[in-house]
Amino acid sequence: MTSDDSSGPLSSGQTLDIGVSGMSCASCVGRVEKALREVPGVVEVSVNLATERARVVFAAKQGDVAAVLDAIQQAGYGPKVENLEFAIHGMNCASCVGRVEKALGRVPGVLEGQVNLATEKARVRIVSGAVMVETIIAALREAGYEAEELGSAAQRSVEEGEAREQEARRLKRSVLFAAALTLPIFVLDMGSHFIPPFHHWLVRSLGQQNLFYLFFVLASLVQFGPGLRFYKKGWPALVRGGPDMNSLVMLGTSAAWGYSVVATFLPGVLPEGTVHVYFEASAVIVTLILVGRYLEARAKGRTSEAIKRLIGLQAKTARVVRNGEELETAIEEVRVDDLVRVRPGEKIPVDGEVVEGRSYVDESMITGEPLPVEKEQGAEVVGGTINKTGSFTFRATRIGADTLLAQIVRMVEQAQGAKLPIQALVDRVTNYFVPAVIGAAVLTFVVWLLLGPAPALTFALVNAVAVLIIACPCAMGLATPTSIMVGTGKGAELGILFRKGDALQRLRDAGVVALDKTGTLTRGRPELTDFVVAEGFFEKDVLRWVTSVERLSEHPIAEAIVAAAKSRGLKPAEGSNFTAEPGFGVVADVEGHRVHVGADRYMRRLELNLEAFAEAALELGDQGKTPLYAAVDGRLAAILAVADPIKESTPAAIAALHAEGLKVVMITGDNRRTAEAIARHLGIDQVVAEVLPDGKVEAVKKLQSQRHKVAFVGDGINDAPALAQADVGIAIGTGTDIAMEAAEVVLMSGDLRNVPNAIALSKATLRNIKQNLFWAFAYNTLLIPVAAGALYPFFGLMLSPVFAAMAMAASSICVLSNALRLRRFSPPMRAETQA
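From a predicted model like this one, the values you see are computed outputs, not experimental measurements. (Residues numbered from 1 in each chain as written. Predicted model: local features only at pLDDT ≥ 70, side-chain atom pairs only at ≥ 80, totals over all residues. Heavy atoms only, no water.)

Asker: Can you lay out the packing of aromatic side chains for me, pointing to particular residues and giving the numbers?
Answerer: All told, the structure shown has 9 aromatic pairs when counted by the stated rule. Both rings, one in Phe 216 and one in Trp 257, keep their centres 6.3 Å apart while their planes meet at 25°; by these two values the pair is stacked. Residue Phe 216 is found in helix α7 (residues 208–223), and its partner Trp 257 is found in helix α9 (residues 245–265); the two are separated by 41 residues along the sequence. With a relative accessible area of 22%, Phe 216 lands in the partly exposed category. In textbook terms, an aromatic cluster arises when at least three aromatic residues are bridged by ring pairs, as seen for Tyr 213, Phe 216, Phe 224, Tyr 231, Trp 257, Phe 265 and Phe 279. When the ring centre of Phe 584 is taken as origin, the NZ or CZ atom of Arg 601, which lies over that ring, is 5.8 Å away. Taking NZ or CZ as reference, Arg 605 lies 4.4 Å from the ring centre of Phe 584, over its face. (Phe/Tyr/Trp six-rings, centres within 6.5 Å; stacked < 30°, edge-to-face > 60°. Helix = DSSP H or I, 4+ residues; strand = E, 2+ residues; numbered from the N terminus. Buried < 20%, exposed > 50% of the residue type's maximum accessible area, 1.4 Å probe, protein only. Lys NZ or Arg CZ within 6 Å of the ring centre and 35° of its normal.)

Asker: If you had to explain the UniProt feature "transmembrane region" (unreviewed entry) in the protein to someone new, which residues and values would you point to?
Answerer: According to UniProt, the "transmembrane region" (unreviewed entry) feature falls on residues 174–191, 211–228, 248–270, 276–295, 429–451, 457–480, 773–795 and 801–820. A helix fraction of 78% and a strand fraction of 0% characterise residues 211–228, whose end C-alpha atoms lie 24 Å from each other. (UniProt positions renumbered as here; feature names shortened; annotations may be inferred.)

Asker: Now, about the side chain of Ser 220: what can you tell me, with residues and values included?
Answerer: Structurally, the position occupied by Ser 220 is in helix α7. Within the structure, the side chain of Ser 220 is placed 2.6 Å from the backbone oxygen of Phe 216, a separation counted as a polar contact. When near neighbours in sequence (up to four residues on either side) are disregarded, Ser 220 contacts Gly 225 and Trp 257. (Polar contact = N/O pair within 3.5 Å; in protein donor to acceptor, adjacent residues only side chain to side chain. Contact = heavy atoms within 4.5 Å.)

Asker: Kindly report on the nonpolar core, identifying the contributing residues and their values.
Answerer: Membership of the largest hydrophobic core comes to 57 residues, with the highest contact counts inside it found for Phe 498, Ile 730 and Val 755. When neighbours within four sequence positions are excluded, Phe 498 is seen to be in contact with Thr 488, Ala 503, Leu 504, Leu 507, Glu 744, Val 745, Ala 758 and Leu 761. In this structure, Ile 561, Ala 588, Phe 613 and Leu 636 belong to the second largest nonpolar core, which totals 40 residues. (Core = buried A, V, L, I, M, F, W, Y, C linked by side-chain atoms within 4.5 Å.)

Asker: So, the sheet that holds strand β20 (residues 527–533): which residues are in play, and what are the values?
Answerer: Read across the open sheet, the 6 strands follow the order β20-β25-β24-β23-β22-β21; overall the sheet is antiparallel. Lying at the two open borders of the sheet, with one neighbouring strand each, are β20 and β21 (575–581). Going from strand to strand, the sheet's axes swing by 20° on average, the running direction of each strand aside. As judged from the 5 bridges shared by β21 and strand β22 (residues 585–590), these two strands associate in the antiparallel manner. Each bridged residue has a counterpart across the sheet, and for Ser 576 the counterpart in β22 is Asp 589. Here helix α19 (residues 539–550) sits on the sheet and contacts β20, β21, β22, β23 (593–598), β24 (627–632) and β25 (635–643); the angle it forms with β22, its principal contact strand, is near 110°. (Pairing = 2+ DSSP bridges. Axes fitted to C-alpha atoms, helices over the stretch in contact; angles between N-to-C directions.)

Asker: Tell me about the environment of Pro 721, and please be specific about residues and values.
Answerer: Following the sequence through the fold, Pro 721 ends up in helix α26 (residues 720–725). Residue Pro 721 is classed as buried on the basis of its relative accessible area, which comes to 0%. Put simply, Pro 721 and Asp 694 are 27 residues apart on the chain and 7.5 Å apart in space, counted from C-alpha to C-alpha.

Asker: Would you mind going over a nonpolar patch on the surface in detail, with residue names and values included?
Answerer: Together, Val 442, Leu 443, Val 446, Val 447, Leu 449, Leu 450 and Leu 451 line one region of the surface with nonpolar side chains, adding up to about 680 Å² of accessible area. Its place among the elements puts Val 442 in helix α14 (residues 425–451). (Patch = residues over 30% accessible without salt bridge, like charges linked within 9 Å, V, L, I, M, F, W, Y side chains within 5 Å. Areas by Shrake-Rupley, 256 points an atom, 1.4 Å probe, with all protein chains shown as cover. Salt bridge = Lys/Arg side-chain N within 4 Å of Asp/Glu carboxyl O.)

Asker: Report on the pairing of strand β9 (residues 317–322), specifying residues and quantitative values.
Answerer: Pairing analysis gives 6 bridges linking β9 to strand β10 (residues 325–330), with the strands arranged antiparallel. Looking at β10, one finds that Arg 319 is bridged to Glu 328. Here β9 folds back onto β10 in antiparallel fashion, the turn holding 2 residues, of which Asn 323 has a positive phi close to 55°. Inspection of the sheet shows β9 paired to strand β11 (residues 339–342) by 3 bridges, in the antiparallel sense. Bridge pairing in β11 links Arg 319 to Arg 341.

Asker: Go over unusual backbone geometry, please, and point to the residues and values.
Answerer: Among all residues save glycine, negative phi is the norm, and among peptide bonds the norm is trans. We note that Asp 337 has phi near 80°; this positive angle belongs to a residue other than glycine. Following the sequence through the fold, Asp 337 ends up in the loop between β10 and β11. According to the relative accessible area criterion, Asp 337 is partly exposed, its value standing at 48%. For Glu 607, which is not glycine, the phi torsion reads 60° and is therefore positive.

Below is the structure:
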């Protein structure tokens, strides 16, 4: 975000995060970055094509928002704009309106401020991401007026998502319209080439010239209807001297269409044997490129879902105690030091400190721990977590943008924005290929015009058009997306969902796989894992008595014991005289027996000898489990343990990752002893334990600083920032929606064996893409000299635009056929495909 300084340049080290519209490929990213780096005072630039945002870091007291916005516009792109609405307090005349509007106008990033005295509201147009709401409010307060925003960040997130969905719908309509007009041209023209009887029938029925007229009408509607967008972007880029893919599409389709128009209406100017139309080429190219744009728009439309879902976790209202009275108020109206009361089952609205009451709170969204945490006076609570059992009152300590949940949102945004999109090979080559092709076409025209035989102008035009047609970006545009589509489709069959196509390339390059513990390596649900009875006792009897006591307790461990008894068909008896001793255990009378359940210190206080279970207790400790004991009528009856068990698929998955030469790291919020015990059991190389969300991000950054490409695997909301920070985020599909939306890859089941499967699929897909790129460029590049007439002086041969179009089509067919081979991909490990 920008600095809180509301006037003039940004302060030292501050970051400007701006939405940029109009970018369509890697060359667009390069042009925006180049333009921003030329702004005085800019020390770092990062442009993300997927999120359509630009991040600019300034040096001390240099550069300003206006210069950045101007640079983006001069490069041919538009900064994204959003509307905010504020309630203004303290205005009483027209001069107040003027002062407020003037104060708004001085805030960098504010484009316009309109104030209505009657409604006491201000509508403010800002550059998306260029200014914080708090900065606007501070500027108005400095002018002498209090203000509060109307509408939330969640609403703005929804509006942004709707705008992207609307763009995807527009592209879909364009695709359907273009396809409907292109299909008749393709069927009639290509059918005539390959089926002579069909060609003769068409000529007899409609006439060749009438067919040309029909093709002209249909192709023109495609060229200047859905295809007009390529002219709007490609022509300005060409004029600025930085042609992009839009420019190449524009030139290639215009050449095919323009030559066809000449052949249709002025056939006499063309040499004999060269009167052909290529309307199908122009229409098909426009349609295929639009299909790719539509698929890209759909992918981009999902990038903001993680942020939207995170914001949605926040409670909408809070029950605030003021002047001894309990009032339900909007979350935005909660202030620091307010007393807030929370009932069982409610979300905690903001961060704070418990001042009265006691309860257990589910903090799994923050810590990743499956067991709710006990909260009593003096304990800290976090906004967005769930109160499970009791009721308590807490004092608000952090509100709004300062809460831990808001910080997680910011971390996800920053991690996503900091990642540059991988420059696909096709985009890198295009930076040189596009101007080279244009130059080759111009050179061809000039050489034939000056040195060619009569009619020189006609030969020059035919050969220049052949060069442009042979170099049309049809196969180039298909090379990468077709492999990605087939590869991701195969992944879906295997239970591997690639949410972003470029994750395929990043996953192939991963050298470290970092994993969360709870819900990723383990099942994520506490279970009764061990229950061993002493001599003289029967397991079913003791477990039923223990369950009868625990069902009276509200402790989370009790839930696991009761669930285990239920799964074994045991019905608990009625207990009486129940007593819970915090930190020790519980006791009750069950069917005439006095039953104690608790930790070792509880048993020692009862003066019971634990030697009989000493070996079992050590073994449980080595496994990262905490042993508990049961005593019946003053005799030690059983040892038991409740833990989060390792998934059955985990050991094989870790072994497969090691076999691939990958380093495996566990990053978890769990306690170190448990984490290290699990790591020893699984052979994990490194453990980072007892970390909160920001600690997980720092751990990933540290691994990246060691020149490792990191794939992070997690399932919880607390994992979302680390998933976004990693080079590739892999979410467990049985986890939270937020984790899945923040990740680039989702495993539809909790089976970790799909991690090595995903890596193998990514490598296969990248090999396929490289093969496709060879076919895409081999035909075009090798035949460009032939299209230019290089063989004419030696053999009297020229490449007709007809054969140029056929070669272009052949390259596309090779690309598609090769991509379809990925459907036969066989994963190295068998894994579950769903939960």
